[in-house]
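Residue-level listing of the chains:
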Amino acid sequence: MTVESLTENKTATGSGVSHGDMANAIRFLSADAVQKANSGHPGMPMGAADMATVLFTRFLKFDPARPDWADRDRFVLSAGHGSMLLYSVLYLTGYADMTMDEIKNFRQLGARTAGHPEYGHAQGIETTTGPLGQGLTTAVGMALAERMLNQRYGDDVVDHHTYVIAGDGCLMEGISHEAISTAGSLGLSKLIVLFDDNDICIDGPTDMTVRDDQPARFAASGWHVQSVDGHDGEALAEAIAAAKANDKPSMIACKTVIGYGTPTKAGTSSTHGSPLGDDEIAGAREKLGWPHGPFVVPDDVLGAWRAAGGRGAEAREAWEGRLSALDAGRRAEFERGVAGGLPDGWEGALNAHKAKCSEEKPGWATRKASGEALTVLTGVIPELVGGSADLTGSVNTKTPTTTPVSRDDFSGSYIHYGVREHGMGAIMNGMALHGGFIPYGGTFLVFADYMKGAIRLSALMKQRVVYVLTHDSIGLGEDGPTHQAVETVATLRATPNFNVFRPCDAVEAAECWALALTNTDTPSGMVLSRQGVPTVRTEHTDENLSARGGYVLAEAEGGDRAVTLFATGSEVAVALAARDVLQGEGTPTAVVSMPCWELFDAQDEAYRKTVLGPASVRVAVEAAIRMGWDAYIRPHGGFVGMGGFGASAPAEQLFEHFGITAEKVVEAVKARL
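These notes cover the structure that comes with them. (Residues numbered from 1 in each chain as written. Predicted model: local features only at pLDDT ≥ 70, side-chain atom pairs only at ≥ 80, totals over all residues. Heavy atoms only, no water.)

In this model, the largest pocket occupies a volume close to 840 Å³. Lining the largest pocket are 37 residues; nearest its centre among them are Tyr119, Val338, Leu433, His434 and Gly435. Contributing elements (two or more residues each) for the lining of the largest pocket: α12 (313–324), α13 (328–339) and α17 (421–434). Among the elements that make up the lining of the largest pocket, the one with the highest residue count is α13 (five residues). Here the residues of the lining of the largest pocket are counted per class, giving 16 nonpolar, eleven polar and ten charged. Computed from the structure, the second largest pocket encloses a volume of approximately 260 Å³. Forming the walls of the second largest pocket are 18 residues, and the residues nearest its centre are His81, Leu132, Gly169, Cys201 and His272. Secondary-structure elements contributing two or more residues to the lining of the second largest pocket are α6 (168–172) and β4 (200–201). Looking at the lining of the second largest pocket, the element that brings in the most residues is α6, giving three residues. Partitioning the lining of the second largest pocket into residue classes produces eight nonpolar, eight polar and two charged. (1 Å grid on protein atoms, 1.4 Å probe; cavity = no way out; pocket = protein on both sides within 12 Å on 5 of 7 lines; lining within 4 Å. Points joined across faces, edges and corners; volume = space filled by probe spheres on them. Helix = DSSP H or I, 4+ residues; strand = E, 2+ residues; numbered from the N terminus. Nonpolar A, V, L, I, M, F, W, Y, C, P; charged D, E, K, R; others polar.)

Pairing within the open sheet is mixed, and its five strands lie in the order β14-β16-β15-β17-β18. Looking at which strands have only one partner, the edges of the open sheet turn out to be β14 (551–554) and β18 (637–641). Pairwise comparison of adjacent strand axes, ignoring direction, gives a mean angle of 30° for this sheet. Here strand β17 (residues 617–622) runs beside β18; their pairing, made up of five bridges, is parallel. Bridge pairing in β18 links Arg618 to Gly637. Where helix α26 (residues 662–670) meets the sheet, it contacts β15 (563–567), β17 and β18, and its direction lies at approximately 155° from that of β17. (Pairing = 2+ DSSP bridges. Axes fitted to C-alpha atoms, helices over the stretch in contact; angles between N-to-C directions. Contact = heavy atoms within 4.5 Å.)

The structure is reproduced here in structure tokens:
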């Protein structure tokens, strides 16, 4: 539903307060906060204040009293360095947790007003931004989720826009091309990007580094494009209205002056990332007719802003009425999905699948095992939305119940992202943040490096996004070292709040998927093999053994444990084969499967000691570099794995060539006995 009836008044409030005064409130709160902190970026908020004023007072559908309203418009400040623009607007429009004290404590320890907007710090911050281009691409995911949810529930329940303010830096980043191209290809008509076209970057004028015709670039990708004076409120309003009426995603190039109103620094890079100085701020106050002291917003101006903040309550209440009118089952499904809950019965279906795998003992590659688990899960969890970066047949992310999403049909649950790994990651973040979907997307493990920026933000924002990362080692064979990940798992394991799952067979793969879905505040990487592996979990239990991260798969026999072998993924079978040799020679040997280090590290000390066993001989085997393993295998630990890059050859030859064999594991043990 639209709120056009609420936006016709040019001041949005009927108060008579001018657009200029309302924009100046943003400008000087921003400049004062940066000055007090002696740190920050004042130029962007001063230049973009007119855009934000028009958007928030005349178009944006939101209600500070209910900041989690599911059908609110989303606003993303992709140019996150200008965070004081967002904080100022949140304070002015009346978000309860954005107080004047928070504004004054900008960039201070414990403040909600971090240097860049951080999701979860304050209501109204829809996503973490700062790494340029991420916000724009995350917004594509939000706009995509809106269209998909609209297809499921209709205009009465889901009908909102996603707005972005992006800067030159956002559009320089390579991920911006992936975002622009994807949005144009899908025809995301509810996405509107305001480009803060101020011709300045940190180093100086942008023409020293880029001369792209940005409107032409967007138009070439199928966007509706306009160019306006970014300081003309009426021109901005007309452009936004035209964008909303168009059936394409829209970009409005808003020509602005960075540091607008400052007497000597306006239009220069000196306003970009440094405090303006007391004299410059005083000069700007005089030039713009703002005679008020630092952090002072006159009652009439604040009142006009608060009235603008309150104008969405009526639309929100009307929406609540329409939601209540839905069939009870449909309403419950919508509310559960938006809240991130899982439907009843999914665990039973997955446990039945586990039991079948234990009984039939398939020798699937874990990428296929993942796909089989997904076949079960997508059949019972309608919120799961899959995809891949042009590798659907290789990463096994499409299931019989998932149909492709297209510009003509958003009813599906599978997205063909094309060769856009970084964009895929950020788009999935946007879908997760929007609510209503649980996104997962696949590519080869080595290409996780291409989307590390998005992965890091998934972890930082605590979003349930699942990265399906296949072809995980030299086991992929002939494609060679360009595609054989050796260091990537260690990189992912080093990322805080990111669960790396490397299952050893079909049973563990199913368990790891269950954990990825139930750890709602932690993204996951499913690290999966290309080559087949035997089923080693042949006795079924409904208990999720992988939930503790590591467990004793095979205990030592014939005496106290003398040797403990540790492994993940495809190398668990190697460890078991080595155990058979050692046990046959009279050496009591246990094998520990460690599908998720992060979950194992979270267990209590007593459990960890039981699994790790005595500090006798410990040897780990993994077709990756050693980094991280010493935490588990010290003090007398050995490691069988990779010490450098791989090579191009059939997989079985490569494991022999690099010595990742049961024989080499036995040798490593005997050298330490």
